[in-house]
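Chain by chain, the residues:
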Amino acid sequence: MKYVNCLLAVLFVVLSFSAAAVAHKVNLFAYAEEGTIFTESYFPDGRAVEGGKVLVYDSKDTLLLEGATDTEGLFNFDIPKGDDLKIVIDAGMGHKNSFTLKKAEVEAGK
Amino acid sequence: MRTKTIAALFMIPAAFMILAVHSAQAHFGAIIPSDDIITQDDDKTLDVQVKFIHPMEMHYMEMAKPKQFGVLHDGKKTDLIGSLAAVKGKSPDQDQEFTFWSTGYQIRRPGDYTFYVAPAPYWEPAEDLFIVHYTKVCVNAFGLEEGWDQHVGLETEIIPFTRPYGLWTGNLFTGQVLLKGKPVPFAEVEIEYLNETPGNINIVVPPADPYVTQVVKADVNGVFSYAMPKAGWWGFSALNQAEWTLTHDGREKGVEIGAVYWVRTRDMK
């Protein structure tokens with residue numbers, strides 16, 4: 001009986017976390033302009049993702065650089081490479097998403 | 001391609017059957033974008049069509065160039081009237097083509113985009129009045145769900161109380177009717193399904209006149225609700241008489257002003 005209760009408690013905790021992850025789905029949007037890539041990370045209701053980890057990968061999944069979002073959810077960096085760039089936002093607790101900036105968009109922003 | 005052919009096969013007899021019903025023919029201003037949700041994998045250029053139609057019957061009416069057409073995003077209005085191009089269209093049972101308007105709009109930033117139109121007054125001899133339907137539709141971009149409940153500030157408009165995108169078939173749409181910024185108590189709202197919805201292969205054939213246009217009344221605060229039973233685009237139209245008049249053939253005529261809002265539903269599967 002004790003074992004079943006314990007299992008239910010674990011299940012409850014797991015379900016609560018997954019529900020929260022959906023309700024607070026995190027997003028990252030990026031664009032390139034005058035040699036810089038601008039990223040902004042936000043929750044659907046517009047709140048900024050503060051101190052979220054940003055990871056930038058090329059088309060071969062090689063990590064090019066990483067950084068953290070400021071209090072407005074922003075993180076900017078110089079264009080590292082003329083390639084498809086996969087930019088990942090990791091706000092912890094399973095709040096993770098990515099945005100791919102196509103090579104053409106990167107080149108256009110050089 | 002195949003669904004298109006099937007759709008066309010269904011449309012012709014369906015159109016004749018609709019004609020036979022002799023329907024009520026409610027006019028609707030319409031703004032139909034190519035998508036209501038833009039994600040990073042989508043084409044970021046929206047095709048936006050502006051029309052004056054009978055949505056259930058698929059009939060087009062000649063539409064003059066609108067007086068105002070724009071988009072509200074991040075609290076800022078952008079005039080897009082110069083981008084509109086005239087296009088011709090008709091229903092399968094119409095023997096003449098009519099003008100509607102179209103534009104390509106590039107989505108560049110996250111957030112909600114509310115497109116709005118203030119058309120030129122349309123003279124309707126059958127009703128002995130002019131019709132002006134202020135029409136809106138909202139498109140969401142890149143997961144930022146902000147802006148959809150903002151007022152455009154039109155003479156009359158529907159403010160959505162339901163987030164107007166990401167709606168399932170069967171969802172309730174709730175909105176508030178405003179006239180000069182104030183709620184309209186007990187406003188009458190007409191609702192029609194857009195039979196011409198892209199991908200709709202089962203053209204709806206109304207079994208009797210009252211099925212063409214659904215009618216609900218708002219409460220004392222101008223708030224109304226309707227549950228949408230089929231996937232596709234739905235138009236909500238609240239009609240009021242303007243305090244101003246226009247002249248036709250030297251005589252003063254009344255003006256029907258409509259607040260129209262469009263939303264799209266999808267099946268759960």
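Every value quoted in this text rests on a predicted model; they were computed, and no experiment measured them.

S.K.: Explain the overall build of chain B to me, please; I cannot follow it from the model alone.
M.R.: If you tally the helices and strands in chain B, you get one helix and 22 strands. Reported as C-alpha extents along the three principal axes, the dimensions of chain B are approximately 50 × 45 × 40 Å. Across the 269 residues of chain B, 40% fall into the buried class. Intrachain contacts of chain B at a sequence separation of at least 6 include 70% that bridge at least 24 residues.

S.K.: Looking at this model, I keep getting lost on the overall build of chain A. Mind explaining?
M.R.: For chain A, the helix and strand inventory stands at two helices and seven strands. Its helices and strands in sequence order give chain A the pattern α-β-β-β-β-β-β-β-α, from N to C terminus. Burial status across chain A gives 23% buried among its 110 residues. For chain A, the proportion of contacts with a sequence separation of at least 24, taken over those separated by at least 6, is 51%.

S.K.: I'm lost on the confidence of the model for chain B in this one. Help?
M.R.: Keep in mind that low pLDDT regions are not for reading the predicted coordinates in detail. All names here are of chain B. Looking at chain B as a whole, its pLDDT mean stands at 92, while 91% of the residues score no less than 70. Long-range and interchain partners of residues 15-23, a stretch whose pLDDT sits below 50, account for 18 contacts in this model, where long-range means more than four residues apart. Interface confidence in the predicted complex, given as ipTM, is 0.76; pTM for the same model is 0.86.

S.K.: Honestly, the interface of chain B and chain A in this entry has me stumped. Any pointers?
M.R.: Accessible area lost upon the coming together of the parts serves often as the stated size of an interface. Contacts between chain B and chain A engage seven residues on the former and nine residues on the latter. For the side of chain B that touches chain A, the class distribution of residues is three nonpolar, two polar and two charged.

S.K.: What should I look at first to understand the pairing of strand 1 (residues 27-33) of chain A in this one?
M.R.: Each regular strand displays side chains that alternate between the two surfaces of the sheet. Residue and element names in this part refer to chain A. Here strand 1 pairs with strand 2 (residues 36-42) via seven bridges, running antiparallel. If you follow Tyr31 over to strand 2, its bridge partner there is Phe38. The hairpin turn running from strand 1 into strand 2, its antiparallel successor, is two residues long, and Glu34 in that turn takes a positive phi close to 45°.

S.K.: Whenever I open this one, the sheet that holds strand 5 (residues 74-78) of chain A confuses me. Can you help?
M.R.: Sheet strands line up and pair through hydrogen bonds in the backbone, either parallel or antiparallel. Residue and element names in this part refer to chain A. Spatially, three strands are ordered 1-2-5 in an open sheet, and the strand pairing comes out antiparallel. The open sheet has two edge strands with one neighbour each: strand 1 and strand 5. Across the sheet, the axes of successive neighbouring strands diverge by a mean angle of 20°, strand direction being ignored.

S.K.: Where do I start with the nonpolar core in this structure?
M.R.: The nonpolar side chains of a soluble globular protein tend to be buried with one another. One finds Ile87(A), Ile31(B), Val177(B), Ala238(B) and Trp262(B) to be the most contacted residues of the largest nonpolar core, which totals 75 residues. Sorting elements by how many residues they give to this core places strand 22 (residues 255-266) of chain B first, with six residues. The residues contacting Ala238(B), other than those within four sequence positions of it, are Ile158(B), Val177(B), Val184(B), Ala187(B), Glu188(B), Val189(B), Gly258(B) and Ala259(B).

S.K.: What should I look at first to understand the environment of Leu246(B) in this one?
M.R.: Here Leu246(B) shows up in strand 20 (residues 246-248). Those residues in contact with Leu246(B) that lie beyond four places of it in its chain are Pro121(B), Phe130(B), Lys253(B) and Val255(B).

S.K.: Help me understand unusual backbone geometry, please; the structure alone is not making it clear to me.
M.R.: Of note in this structure, Glu34(A) is not a glycine but carries a positive phi near 45°. Inspection of the secondary structure puts Glu34(A) in the loop between strand 1 and strand 2. The residue Met58(B) is not glycine, and still its phi comes out positive at about 70°. Mapped onto the fold, Met58(B) is located in the loop between strand 3 (45-54) and strand 4 (59-60).

S.K.: Looking at this model, I keep getting lost on the environment of Thr78(B). Mind explaining?
M.R.: Residues and elements named next belong to chain B. Here Thr78 shows up in strand 6 (residues 76-79). Each C-alpha atom, one on Thr78 and one on Tyr113, is 10 Å from the other, the two residues being 35 residues apart in sequence. Once residues within four sequence positions are removed from consideration, Thr78 is found in contact with Gly70 and Val71.

S.K.: Which parts of the structure should I look at to understand the confidence of the model for chain A?
M.R.: In the predicted model, chain A carries a mean pLDDT of 86, and 78% of its residues have values of at least 70. Long-range and interchain partners of residues 17-21 of chain A, a stretch whose pLDDT sits below 50, account for three contacts in this model, where long-range means more than four residues apart.

S.K.: What should I look at first to understand the sheet that holds strand 4 (residues 63-68) of chain A in this one?
M.R.: Residue and element names in this part refer to chain A. Reading across from one edge, 4-3-6-7 is the order of the four strands in this open sheet, with antiparallel pairing throughout. Of all strands in the sheet, those with a lone pairing partner are strand 4 and strand 7 (96-101), marking the two edges. Strand-to-strand, the axes of this sheet are offset by a mean angle of 20°, without reference to chain direction. Pairing of strand 3 (residues 53-57) with strand 6 (residues 85-90) involves five bridges; the strand directions are antiparallel. Following the sheet pairing, Val54 is matched in strand 6 by Ile89.

S.K.: Is there a simple way to think about the environment of Lys253(B) in this case?
M.R.: Residues and elements named next belong to chain B. Among the structural elements, Lys253 can be located in strand 21 (residues 251-253). Since 16 C-beta atoms lie within 10 Å of it, Lys253 is described here as partly exposed. Remark: the alpha-carbon pair of Lys253 and Leu129, spanning 124 residues in sequence, is separated by 5.6 Å.

What counts as what
Residues numbered from 1 in each chain as written. Chains lettered and ligands numbered in written order. Predicted model: local features only at pLDDT ≥ 70, side-chain atom pairs only at ≥ 80, totals over all residues. Helix = DSSP H or I, 4+ residues; strand = E, 2+ residues; numbered from the N terminus. Buried ≥ 20, exposed ≤ 12 C-beta atoms within 10 Å, placed from the backbone. Contact = placed C-beta atoms within 7 Å. pLDDT = per-residue confidence, 0-100. Nonpolar A, V, L, I, M, F, W, Y, C, P; charged D, E, K, R; others polar. Pairing = 2+ DSSP bridges. Axes fitted to C-alpha atoms, helices over the stretch in contact; angles between N-to-C directions. Core = buried A, V, L, I, M, F, W, Y, C linked by C-beta atoms within 7 Å.

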